[in-house]
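Take a look at the letters that make up each chain.
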Amino acid sequence: MDWGYLEEVMRKMGFPSLWRKWINKCIGTATASILVNGSPTDEFPLGRGLRQGDPLSPFLFLLAAEGFNVLMGALNRNNLFSGYQVGNSGSTTVSHLQFADDTLILGAKSWANIWAMRAILLLFQSMSGLKVNFSKSCLVGVNVAHS
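In this report, the structure presented in the accompanying data block is examined. Not measured: the values here are computed from a predicted model.

## As for the pairing of strand S7 (residues 96–99)
Part 1 of the argument: Relative to strand S8 (residues 102–105), S7 is paired through four bridges, and the arrangement is antiparallel. The partner of Gln98 across the bridge, within S8, is Thr103.
Part 2 of the argument: Hairpin connection from S7 to S8: two residues lie between these consecutive antiparallel strands, with Ala100 at a positive phi of about 55°.

Okay, here's the thing in structure tokens:
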């Protein structure tokens, strides 16, 4: 994850500058070393990412995922993506669900939706520094006739 992106998300969400400074100190002071033939190398500073096992990391990841939520909301508001209509009246639309580092995107069957989905994932990837693993992703039609 790009630390500048995380800073910008927190700023846009209205986090106070002192809080952002604390978070930046927590993630920006990380160092690592590598084992070479069983011996650790000298420590070196990290420039991005979150530490696995750090109790703060899941919460910071949720903040980063909020950027994806904002992008999907903009797609929906501008009628560039058609989400799935829920309920009898169809007044509620769901375009995505997120849990931890998994995202489920729900939409009507259309090529426009597929292209918008791919574009938004690539945009989010370039903004956040998080990599979308397209080889672990899949497109599933539910209640869709094959044509």
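After that view, the rundown keeps rolling.
## Regarding unusual backbone geometry
If a residue is not glycine, its phi is most likely negative; likewise, a peptide bond is most likely trans.
Part 1 of the argument: Of note in this structure, Asn37 is not a glycine but carries a positive phi near 55°.
Part 2 of the argument: Here Asn37 lies in the loop between strand S2 (35–36) and strand S3 (39–40).
Part 3 of the argument: With relative accessibility at 80%, the residue Asn37 sits in the exposed group.

## Side note on helix H2 (residues 17–28)
Part 1 of the argument: The terminal C-alpha atoms of H2, which comprises 12 residues, lie 15 Å apart, in line with the 16 Å expected from a rise of 1.5 Å per residue.
Part 2 of the argument: Those residues of H2 that are buried lie in contact with helix H1 (3–12) and helix H3 (57–77).

## Observations concerning the pattern of salt bridges
Part 1 of the argument: In the structure shown here, the tally under the stated rule is two salt bridges.
Part 2 of the argument: The salt bridge involving Glu8 is made with Arg11; its shortest N-O contact spans 2.5 Å. In this pair, Glu8 and Arg11 both sit in helix H1, three residues apart, roughly one turn of the helix.
Part 3 of the argument: You can call Glu8 partly exposed: its relative accessible area is 34%.

## What to know about the packing of aromatic side chains
Part 1 of the argument: What the rule picks out here adds up to four aromatic pairs.
Part 2 of the argument: Taking 5.6 Å as the distance between ring centres and 75° as the angle between the ring planes, the aromatic pair formed by Phe68 and Phe124 counts as edge-to-face. One end of the pair, Phe68, is in helix H3; the other, Phe124, is in helix H4 (residues 111–128), with 56 residues separating them in the sequence. Phe124 shares its class with Phe68; the two are buried.
Part 3 of the argument: Three or more aromatic residues link up through ring pairs in this structure, and these residues are Tyr5, Phe68 and Phe124.
Part 4 of the argument: Positioned over the ring face of Phe134 is Arg118, at 4.7 Å from the centre of the ring.

## Regarding the packing of H1 against H2
Geometry of a packed helix pair, given as the angle between the helix axes and the separation of the axes.
Part 1 of the argument: At a closest axis distance of 10 Å, the pairing of H1 and H2 adopts a crossing angle of 160°. Here H2 runs roughly antiparallel to H1, going by the angle between their axes. For the element pair H1 and H2, the recorded crossing hand is right-handed. On H2, the residues that touch Trp3, Leu6, Glu7, Met10 and Arg11 of H1 are Trp19, Arg20, Ile23, Asn24, Ile27 and Gly28.

## Regarding the packing of H1 against H3
Part 1 of the argument: The contact between H1 and H3 brings their axes to 9 Å, and the two run at 75°. Here H3 runs roughly perpendicular to H1, going by the angle between their axes. Counted together, Tyr5, Leu6, Val9 and Met10 of H1 and Leu60, Leu63, Ala64, Gly67 and Phe68 of H3 form the full contact between these two elements.

Conventions and cut-offs
- Residues numbered from 1 in each chain as written.
- Predicted model: local features only at pLDDT ≥ 70, side-chain atom pairs only at ≥ 80, totals over all residues.
- Heavy atoms only, no water.
- Pairing = 2+ DSSP bridges.
- Helix = DSSP H or I, 4+ residues; strand = E, 2+ residues; numbered from the N terminus.
- Buried < 20%, exposed > 50% of the residue type's maximum accessible area, 1.4 Å probe, protein only.
- Expected span 1.5 Å × (residues − 1).
- Contact = heavy atoms within 4.5 Å.
- Salt bridge = Lys/Arg side-chain N within 4 Å of Asp/Glu carboxyl O.
- Phe/Tyr/Trp six-rings, centres within 6.5 Å; stacked < 30°, edge-to-face > 60°.
- Lys NZ or Arg CZ within 6 Å of the ring centre and 35° of its normal.
- Axes fitted to C-alpha atoms, helices over the stretch in contact; angles between N-to-C directions.
- Parallel < 35°, antiparallel > 145°, perpendicular 65-115°, else oblique.
- Left-handed = near helix turned anticlockwise from the far one by under 90°.

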